[in-house]
Amino acid sequence: MSAAAFKNLQRATELFTRFNPEKFNKIISREERVDRYEDRLGAYLVRLHTQPLSDKETQTSAKYLTCLSNVERISDHAVNLAELAQDLFQKQMTFSPQAMQELTVCTNAIHEIIQLANAAMTMGIDGVFMEVHKDPDHAMSDGPNQVYLKDLEKILSNLMLVRKACQQMATI
């Protein structure tokens, strides 16, 4: 389900640069599938709450229900973006080159954050390890695996936002 929602988001943002009616229809079809998953899994989790559960089990199933809802919402937003791209295409409107560049930066950031959040949530990760160097190209070892020191704050900020979002979902 999450893979379908994230794929929808990626495909929807691609429609802004190259609108394709077939890809648009696939997004709509995939969203309908995500809705069915959400309905079935959500109904199961609600039925689960009618059973005797421990406090921990109740909290865990509530977390799953919240995550399920959030993932479905991502697919809903993807459809909204696809419809906006379709509207721009039909009206023969485009973004300025600067706006297109900004859109690309934003969508790349969103994709990176979603991938990190999805991986962190599915693997239960609550920490990171990075090799950092002011100039990885001239490091004595492991240069290609290192993060530029100048990029560290941005990377950590993104990771902290993902962590905060995951923690908020966990408390619901």
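Keep in mind that this is a model prediction, so the values were computed, not measured.

Procedures and definitions
- Residues numbered from 1 in each chain as written.
- Predicted model: local features only at pLDDT ≥ 70, side-chain atom pairs only at ≥ 80, totals over all residues.
- Heavy atoms only, no water.
- Phe/Tyr/Trp six-rings, centres within 6.5 Å; stacked < 30°, edge-to-face > 60°.
- Helix = DSSP H or I, 4+ residues; strand = E, 2+ residues; numbered from the N terminus.
- Buried < 20%, exposed > 50% of the residue type's maximum accessible area, 1.4 Å probe, protein only.
- Axes fitted to C-alpha atoms, helices over the stretch in contact; angles between N-to-C directions.
- Parallel < 35°, antiparallel > 145°, perpendicular 65-115°, else oblique.
- Left-handed = near helix turned anticlockwise from the far one by under 90°.
- Contact = heavy atoms within 4.5 Å.
- Nonpolar A, V, L, I, M, F, W, Y, C, P; charged D, E, K, R; others polar.
- Expected span 1.5 Å × (residues − 1).
- Lys, Arg positive; Asp, Glu negative; His and termini not counted.
- Salt bridge = Lys/Arg side-chain N within 4 Å of Asp/Glu carboxyl O.
- Patch = residues over 30% accessible without salt bridge, like charges linked within 9 Å, V, L, I, M, F, W, Y side chains within 5 Å.
- Areas by Shrake-Rupley, 256 points an atom, 1.4 Å probe, with all protein chains shown as cover.
- Charge placed at Lys NZ, Arg CZ, Asp CG, Glu CD.

It is not clear to me how the packing of aromatic side chains should be interpreted in this structure. Could you clarify?
Each aromatic ring pair is characterised by the separation of its centres together with the angle its planes make. Going through the model one piece at a time under the given rule, you end up with 3 aromatic pairs. Aromatic side chains phenylalanine 16 and phenylalanine 95 sit 5.7 Å apart centroid to centroid with 50° between the ring planes, which places their arrangement in the tilted category. You can see phenylalanine 16 sitting in the loop between helix H1 (2-14) and helix H2 (21-48) and its partner phenylalanine 95 sitting in the loop between helix H3 (55-90) and helix H4 (97-123), a full 79 residues away along the chain. When its relative accessible area of 35% is taken as the criterion, phenylalanine 95 is described as partly exposed. Geometrically, the ring pair formed by phenylalanine 19 and phenylalanine 24 is tilted, given 6.0 Å between the ring centres and 45° between the ring planes.

Before we go on, may I ask you to explain the packing of H1 against H2 in this structure?
The description of two packed helices rests on the angle between their axes and on the distance between the axes. One can describe the packing of H1 onto H2 by two numbers: an axis separation of 9 Å at closest approach and a directional angle of 155°. For the element pair H1 / H2, the angle class is roughly antiparallel. For the crossing formed where H1 meets H2, the hand is left-handed. Contact with H1, carried on its side by Ala4, Ala5, Lys7, Asn8, Arg11 and Ala12, involves Lys26, Ile27, Arg30, Glu31, Arg33 and Val34 of H2 and no other residues of that element. Within the contact of H1 with H2, the residues separate by chemical class into 5 nonpolar, 1 polar and 6 charged.

How should I be thinking about the environment of leucine 152 in this particular structure?
Relative to the helices and strands, leucine 152 is located in helix H5 (residues 149-171). Leucine 152 sits 18 residues away from lysine 134 along the chain, and the two C-alpha atoms are 9.9 Å apart.

Looking at this structure, I do not really get the packing of H2 against H3. What am I missing?
The interhelical angle for the contact between H2 and H3, taken along N-to-C directions, is 165°, at an axis separation of 10 Å. Comparing the axis directions of H2 and H3 gives the class roughly antiparallel. For the pair H2 and H3, the sense of crossing is left-handed. Of H3, the residues touching H2 (which contributes Phe24, Ile27, Ile28, Glu31, Val34, Asp35, Glu38, Leu41, Gly42, Leu45, Val46 and Leu48) are Ser61, Tyr64, Leu65, Leu68, Ser69, Glu72, Ser75, Asp76, Val79, Ala82, Glu83 and Gln86. Across the contact of H2 with H3, the residue classes break down as 13 nonpolar, 5 polar and 6 charged.

It is not clear to me how H1 should be interpreted in this structure. Could you clarify?
Along an α-helix, a turn takes 3.6 residues, which lines up residues three or four apart on a common side. For H1, built from 13 residues, the straight-helix expectation of 18 Å at 1.5 Å per residue is met to within 8% by its first-to-last C-alpha distance of 18 Å. Buried residues of H1: Ala4, Ala5, Phe6, Asn8, Leu9, Ala12 and Thr13, and no others.

What exactly am I supposed to notice about the side chain of glutamate 31 here?
As for its placement among the helices and strands, glutamate 31 is situated in helix H2. The side chain of glutamate 31 is buried and forms no salt bridge, while arginine 30, the nearest opposite charge, is found at 9.4 Å. Each residue touching glutamate 31, except ones within four places of it in the same chain, is listed here: Asn8, Glu72, Ser75, Asp76 and Val79.

How should I be thinking about a positive patch on the surface in this particular structure?
Judged by side-chain charge, Lys7, Arg18, Lys23, Lys26, Arg33, Arg36 and Arg40 come together as a positively charged surface patch. The dominant element in the positive patch, judged by the number of residues it contributes, is H2, at 5 residues. The exposed category is assigned to arginine 18, whose relative accessible area is 62%.

Is there a simple way to think about the pattern of salt bridges in this case?
Close approach of charged atoms lets side chains of opposite charge pair. By the definition in use, this model includes 3 salt bridges. Residues glutamate 14 and arginine 11 are paired through a salt bridge, measuring 3.5 Å at the closest nitrogen-oxygen approach. Taken together, the residues glutamate 14 and arginine 11, both in helix H1 and 3 residues apart, mark about one turn of the helix. Classification of arginine 11 by relative accessible area gives partly exposed; the value is 25%.

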